[in-house]
Amino acid sequence: MNYSVKSVEQDESIKSEKLIVNMGPQHPATHGVLRLEIETDSEIVTKAIPHIGYLHRCMEKHCESMDFRGVIPFVDRLDYLASMNMEHGYVLAVEQMLGLEIPRRAEYIRVMVAELQRIASHLVAFGTYGIDLGAFTPFLYAFQQRENILSIFESISGGRLLYNYIWIGGVWHDLKSSDLEMISNFVAEFEEQWQRYDTLLTQNKIFKERTAHVGIIPQALCHEYGATGPVLRGSGISHDLRKDKPYSIYSELEFNIPVGEGSVGSVGDCWDRYYVRMVEMRESIKIIKQCLDGIEDGEVMAKVSKVIKPPAGEIYVKTEAPKGEIGYHLISDGKKNPYRLKVKSPCFTHVSMVPELAPGMMIADLVALIGSLDIVLGEVDR
Amino acid sequence: MLDKVVSKIGEKIKDVDCQLSTPEVGDGHILIGVKHLVEVVRLLCEDIDLSFRTLQLITGTDRGESVEISYLFTSFKFKHDLILKIVLPWPAEGEEALMVPTISHLFKAADWQERECFDMLGVKFKNHPDLRRLLCPDDWTGHPLRRDYQAEAKYNGIEIYPENKSNAEDASFAARQREAEKAAKAKAAAEAAAAEKK
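Every value quoted in this text rests on a predicted model; they were computed, and no experiment measured them.

1. Remarks on the overall build of chain A
Item 1. A tally of helices and strands in chain A yields 15 helices and eight strands.
Item 2. Rg of the C-alpha trace for chain A: 23 Å, near the compact-globule value of 21 Å for 382 residues, within the 12% margin.
Item 3. Dimensions along the principal axes, computed over C-alpha positions, put chain A at roughly 90 × 45 × 35 Å.
Item 4. Residues counted as buried form 49% of the 382 residues belonging to chain A.
Item 5. Contacts in chain A between residues far apart in sequence, at least 24 positions, make up 71% of those at least 6 positions apart.

What follows is the structure in structure tokens.
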């Protein structure tokens, strides 16, 4: 009997052929309704074309027929995992147009809820990234803590996901003493939980194998595409609007900006982006602690006229949201509704980088890359 | 900062049509002629003193008579932003579609931003490598962010606003509300007129 196996090159009946695979729109690893049309050569991706727009609601058009206060619930629905940060940016844009002075207590509350929301958003990123790579347990632990944050938000605003809490001129309601207690309890026990997450995923051997040296984004590419947030910082560029162009009361607070250092793989790989988010959660806790200590008594709402009519002109305001810089380009013509509101979405930028990064990757690595970009399609499609 | 950029542009590019606007409220911008767009953008990107290496977004605005396209650049080095604008009249009926030179060869970010602008406003970008719709489906008709946009009644045989799915109570409430407002306005006007007569 002849057991010798013919080598692949000898067998002419076997040949490789490009295969086109649709990843999504209903795919757990695309984090929403993103469709990636990928051309594969065996298991290697040779081309990836993202198709977006499945969640397009033309929110920018709707905003043109809303008054300035009415837009707030719409911006909530952009990045529905970080609604507070979305509101914060938009409200700042309108306030700067009006030249409003915000009460100090309101500023403290805003920063506190924004940082809590950042932790909640990063927890989802952390948990779902585990799922993408085959680890289910971290997700459950992450959602346990996220639940605590959502309970705090429910207590202060009535909503669990979409809040309409940060208003033009301040915030809707003052924090009750029980709310402050809830926040300080959460802060006190978070560090212990963080350590748990860290042992579950960060130094896990399989996780490191899947993410280190994978999906490296060079610094030059970040600038060319205009990447921001943890993606930019993961590539080793220390840029954070809370430090570089401080808004609200961030200039008075002390915190560090984590950047990717390539401590497991190379700078700018998936692990770096993941770890930047992890460290950012701790920094947010630092900020919340300082806010809890420093919060002042007083009003939470400035005096705002009943009908808001910013003077004709335009403004571009950007703030640091969990996924990157969210920018609002607001054009007003002096009437009671915005003439044009264009949203600069960080996730939109990050999805547009995929065709550049994907060629040459394994299909499984593409999943790791998209997970590490942490995209939310509500914000991409608007 | 803006006047520095304007003087630099005037210095480097001949016969450039460049206007600076610094309003009291909000951000200022630089308005340039379409002819020199690519040259100016290349200067902004490559000049060491300016170094606007990142394009943040492209906003297209329908101003009724004309269309206004704002380019937003950021310099990470000097940590400042710049709004660059071009204004073009809409083409008259029968004329060819509006053409703006692309800057996607200078900024990779411009690729998708220009596609979005084309999708939403119908502004075509000359020499763009892949000018397809981005957010709307490929077979969609019309450009939603135009002021005169009317949504089609049907898309691929599917009714867009089916009557059985609209909230009749809501609609009638809104109609009543509008009528009440109109009546109140008419009443106020009549009263004012009567007061004037007296």
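2. Re the overall build of chain B
Item 1. Each helix and strand counted, chain B has four helices and nine strands in total.
Item 2. Counted from the first residue to the last, chain B has its helices and strands arranged as α-β-β-α-β-β-β-β-α-β-β-β-α.
Item 3. For chain B, whose C-alpha radius of gyration is 23 Å, the value lies well above the compact-globule estimate of 16 Å for 198 residues.
Item 4. Its C-alpha atoms put chain B at 65 × 55 × 35 Å along the principal axes.

3. Description of the interface of chain B and chain A
Item 1. With 27 residues of chain B in contact, the opposing surface of chain A contributes 28 residues.
Item 2. For the side of chain B that touches chain A, the element with the highest residue contribution is strand β3 (residues 54-62) of chain B, accounting for six residues.
Item 3. Among the residues making up the side of chain B that touches chain A, the classes are represented as 15 nonpolar, six polar and six charged.

4. Here's the deal with the confidence of the model for chain B
Item 1. Predicted confidence across chain B gives a mean pLDDT of 83, with 99% of residues reaching 70 or more.
Item 2. Model confidence for the complex: the whole-complex pTM is 0.84, and ipTM, which rates the interface, is 0.81.

5. Some points on the domain arrangement of chain B
Item 1. Here chain B is partitioned into domain 1 (2-142) and domain 2 (168-198).
Item 2. With centres defined by C-alpha atoms, the gap from domain 1 of chain B to domain 2 of chain B works out at 44 Å.

6. Describing the nonpolar core
Item 1. One finds Y90, A93, V94, M112 and L369 of chain A to be the most contacted residues of the largest nonpolar core, which totals 140 residues.
Item 2. Apart from the residues within four sequence positions on either side, Y90 of chain A is in contact with V71, I72, V75 and Y328 of chain A.

7. As for the sheet that holds strand β2 (residues 29-32) of chain B
Residue and element names in this part refer to chain B.
Item 1. Overall, mixed pairing links the five strands, which are arranged β1-β2-β5-β4-β3 in an open sheet. Edge positions in the sheet fall to β1 (18-21) and β3, since each has one partner strand and no second. Taken pair by pair, the neighbouring strands of this sheet meet at an average axis angle of 25°, ignoring direction.

8. Looking at the packing of helix α5 (residues 137-157) of chain A against helix α6 (residues 177-202) of chain A
Residues and elements named next belong to chain A.
Item 1. Close contact between α5 and α6 brings their axes to 11 Å; oriented N to C, the two are set at 170°. It follows from the interaxial angle that α5 and α6 lie roughly antiparallel. Residue-level inspection shows T137, P138, Y141, A142, Q145, N148, I149, I152, S155 and I156 of α5 in contact with α6, the latter providing D179, M182, I183, F186, F190, Q193, R196, Y197, L200 and L201.
Item 2. Within the contact of α5 with α6, the residues separate by chemical class into 13 nonpolar, five polar and two charged.

9. Here's the deal with the sheet that holds strand β8 (residues 340-344) of chain A
Residue and element names in this part refer to chain A.
Item 1. Spatially, β6-β7-β8 is the arrangement adopted by the three strands of the open sheet, whose pairing is antiparallel. Among the strands making up the open sheet, the edge pair consists of β6 (313-321) and β8. Ignoring which end each strand starts from, the neighbouring axes of this sheet average 15° apart.
Item 2. Both strand β7 (residues 324-332) and β8 contribute to a ladder of five bridges, which runs antiparallel. Counterpart to Y328 in the pairing with β8 is V343.
Item 3. Together, β6 and β7 form the strand contacts of helix α3 (residues 83-98), whose direction differs from that of β6 by roughly 150°.

10. Regarding the pairing of β2 of chain B
Residues and elements named next belong to chain B.
Item 1. Of the strand pairs in this sheet, β1 and β2 are connected by four bridges, and their pairing is antiparallel. Looking across to β2, one finds that L20 is bridged to I30.
Item 2. With two bridges connecting them, β2 and strand β5 (residues 80-89) associate as parallel partners. Bridge pairing in β5 links L31 to K85.

11. Concerning the environment of Y316 of chain A
Item 1. Summarising the element assignment, Y316 of chain A is placed in strand β6.
Item 2. Excluding residues that lie within four positions of it along the chain, Y316 of chain A makes contacts with G327 and H329 of chain A together with D27, L72, D81 and I83 of chain B.

12. Quick word on helix α4 (residues 168-197) of chain B
Item 1. Taking 1.5 Å per residue as the helical rise, α4 of chain B with its 30 residues ought to reach 44 Å, and the 43 Å between its terminal C-alpha atoms agrees with that figure.
Item 2. Little of α4 of chain B sits inside the fold, with zero of its 30 residues counted as buried.

13. Re unusual backbone geometry
All names here are of chain A.
Item 1. Even without a glycine there, the phi angle at C58 is positive, about 50°.
Item 2. With respect to the helices and strands, C58 occurs in the loop between β3 (44-51) and α1 (59-63).
Item 3. Phi is positive for D374, which is not a glycine, with a value near 55°.

Rules of the game
Residues numbered from 1 in each chain as written. Chains lettered and ligands numbered in written order. Predicted model: local features only at pLDDT ≥ 70, side-chain atom pairs only at ≥ 80, totals over all residues. Helix = DSSP H or I, 4+ residues; strand = E, 2+ residues; numbered from the N terminus. Rg over C-alpha atoms; globule rule 2.2 N^0.38 Å. Buried ≥ 20, exposed ≤ 12 C-beta atoms within 10 Å, placed from the backbone. Contact = placed C-beta atoms within 7 Å. Nonpolar A, V, L, I, M, F, W, Y, C, P; charged D, E, K, R; others polar. pLDDT = per-residue confidence, 0-100. Domains from an automatic or database assignment. Core = buried A, V, L, I, M, F, W, Y, C linked by C-beta atoms within 7 Å. Pairing = 2+ DSSP bridges. Axes fitted to C-alpha atoms, helices over the stretch in contact; angles between N-to-C directions. Parallel < 35°, antiparallel > 145°, perpendicular 65-115°, else oblique. Expected span 1.5 Å × (residues − 1).

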